[in-house]
Amino acid sequence: MTRLGPSRVTRTVIALVIGAFFAIPLVSTLLYTLRMPDESLSLSRWASLGDPHTAATLKPIWTGLGNSLVLSVVTVAIVLVLLAPTMVLVNLRFPRLRRVFEFTALLPISIPAIVLVVGLAPIYLQIGRMLGTGAWTLAFAYGITVLPFAYRSIQASIDAVDLRTLAEAARSLGASWPAVVVRVLAPNLRPGLIAASLISIAVVLGEFTIASLLNRQVFQTAMVVVQKQDPYLPAIFTLLALLFCFVVLLLIGRAARGTRKARP
């Protein structure tokens, strides 16, 4: 029987190339933070994170990180409370609108961030008058930015289960529609919902253009400010942010495996 897949050597080469593509920049950044002027390696710059003398320098980063974490929570809430139920409704009640809804959800990925800001600027003038100019208001713009990525993650889970059969079975047993969505459909869509939440967090933590042009202080804009005073601190926090996303990804992977094992 002829093998259709690549050979073991080809798979190994591909894995090494992809691994090097991701590892080389990370290792280079780590060495940049460790290398001292005399070419020796030291953890003194990492240890300086707890030094009171660097507290004033780090203050913009902590403020921006706090704002980004709040934005992550609000953006994830928008995805889980607005996008996911709407997708379930479209798939159950309005299947003919699925293509139109898909096109609308994927449209933001083709629009540059600078163009989005030009269109959102007048809207944010009104938002500033009504809700203030807090950094959390960026969640409305970020909700649009993460829409294509979150849609694909949730839709993959929707395609993997029979929503109509599950909903009709729950309704026949007397469950209300909110109970059907929260207690029946959401557990079956758990991998997609968790993946959409992770992608939303990653996009919020890495977004710079919208926050900068709308003059909001977030994690990425704060690192640009601090870089003018100390070029090593932003590199350290970049590695820590990547480590945080990696740990969250591992937790999501374990949660997804637990869901598949629990399913009969």
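The structure under discussion appears in the preceding block.
So, how was this worked out
- Every chain begins its residue count from 1, and numbering advances along the sequence as written.
- Per-residue local features are limited, in this predicted model, to residues with pLDDT of at least 70; the limit for side-chain atom pairs, both in listing and counting, is 80 or more; totals at the level of whole chains, interfaces and linings are taken over all residues.
- Processing note: side-chain calculations cover all non-hydrogen atoms of the structure and skip hydrogens and water entirely.
- Salt bridge, as applied in this entry: a Lys or Arg side-chain nitrogen positioned within 4 Å of an Asp or Glu carboxyl oxygen.
- Put simply, DSSP H or I for four residues or longer makes a helix, DSSP E for two residues or longer makes a strand, and each gets a number counted from the N terminus.
- Relative accessible area decides the class of each residue, using a 1.4 Å probe on protein chains only: under 20% of the type maximum gives buried, over 50% gives exposed, and in between gives partly exposed.
- By nonpolar core is meant a set of buried Ala, Val, Leu, Ile, Met, Phe, Trp, Tyr and Cys residues that side-chain atoms within 4.5 Å join together.
- We call two residues in contact whenever any of their non-hydrogen atoms come within 4.5 Å of each other.
- Patches were defined on residues exceeding 30% relative accessible area and lacking a salt bridge, with like-charge contacts within 9 Å and nonpolar side-chain contacts (Val, Leu, Ile, Met, Phe, Trp, Tyr) within 5 Å.
- Here the accessible surface of atoms and residues is derived via Shrake-Rupley with a 1.4 Å probe, and residues count as covered only by protein chains that are part of the display.
- In the analysis that follows, any N or O atom pair within 3.5 Å is treated as a polar contact, provided that within protein one partner can donate a hydrogen and the other can accept it, and provided that, for residues neighboring in sequence, both atoms belong to side chains.
- The arc in question is the one spanned by the directions pointing from the helix axis to the C-beta atoms.

A. Focus on the pattern of salt bridges. A complete count under the given rule lists 3 salt bridges for this structure. With its nearest N and O atoms 3.2 Å apart, the salt bridge here joins Arg 98 to Asp 159. Separated by 61 residues along the polypeptide, Arg 98 in helix α4 (residues 98-106) and Asp 159 in helix α7 (residues 147-160) bring together distant segments of the chain. The exposure class of Arg 98 is partly exposed, given its relative accessible area of 26%. Residue Arg 152 pairs with Glu 102 through a salt bridge whose shortest N-O separation is 3.1 Å. Here Arg 152, found in helix α7, pairs with Glu 102, found in helix α4; they are 50 residues apart in sequence, far enough to count as distant. Given a relative accessible area of 13%, Glu 102 falls into the buried group.

B. Quick peek at the nonpolar core. With 22 residues, the main nonpolar core has Val 79, Ile 154, Leu 163 and Leu 189 as its most contacted residues. Those elements giving two or more residues to this core turn out to be α3 (55-93), α7, α8 (163-172), α9 (177-188) and α10 (190-206). If sequence neighbours within four positions are ignored, Leu 163 has contacts with Asn 91, Leu 92, Ile 158, Leu 185 and Leu 189. Formed by 16 residues, the second largest nonpolar core is a distinct cluster that contains Leu 120, Ala 141, Val 204 and Ala 211.

C. Spotlight on a nonpolar patch on the surface. A surface patch of nonpolar side chains, amounting to about 550 Å² of accessible area, comprises Leu 240, Leu 243, Phe 246, Val 247, Leu 250 and Leu 251. Mapped onto the elements, Val 247 comes out in helix α13 (residues 232-262). Looking at Val 247, the relative accessible area reads 40%, which means it is partly exposed.

D. Quick look at the side chain of Thr 137. For Thr 137, the position within the fold is in the loop between α5 (113-131) and α6 (138-145). From its side chain, Thr 137 meets the backbone oxygen of Gly 134 in a polar contact 2.6 Å long. With near-sequence residues (within four places) excluded, Thr 137 lies in contact with Tyr 124, Ile 127, Gly 132 and Arg 216.

E. Representation of α8 in the model. Residues Leu 163, Ala 167 and Ala 170 constitute the buried set of α8. The buried residues of α8 occupy an angular sector of 65° when projected down its axis, which confines them to one face. Projecting away from the buried face of α8 at angles above 90 degrees are the exposed residues Glu 168 and Ser 172. Check the buried side of α8 and you find it contacts α3, α7 and α9. Phi turns positive one or two residues past the end of α8, at Gly 174, with a value near 95°.

Function-wise, these values are silent; they only describe arrangement.
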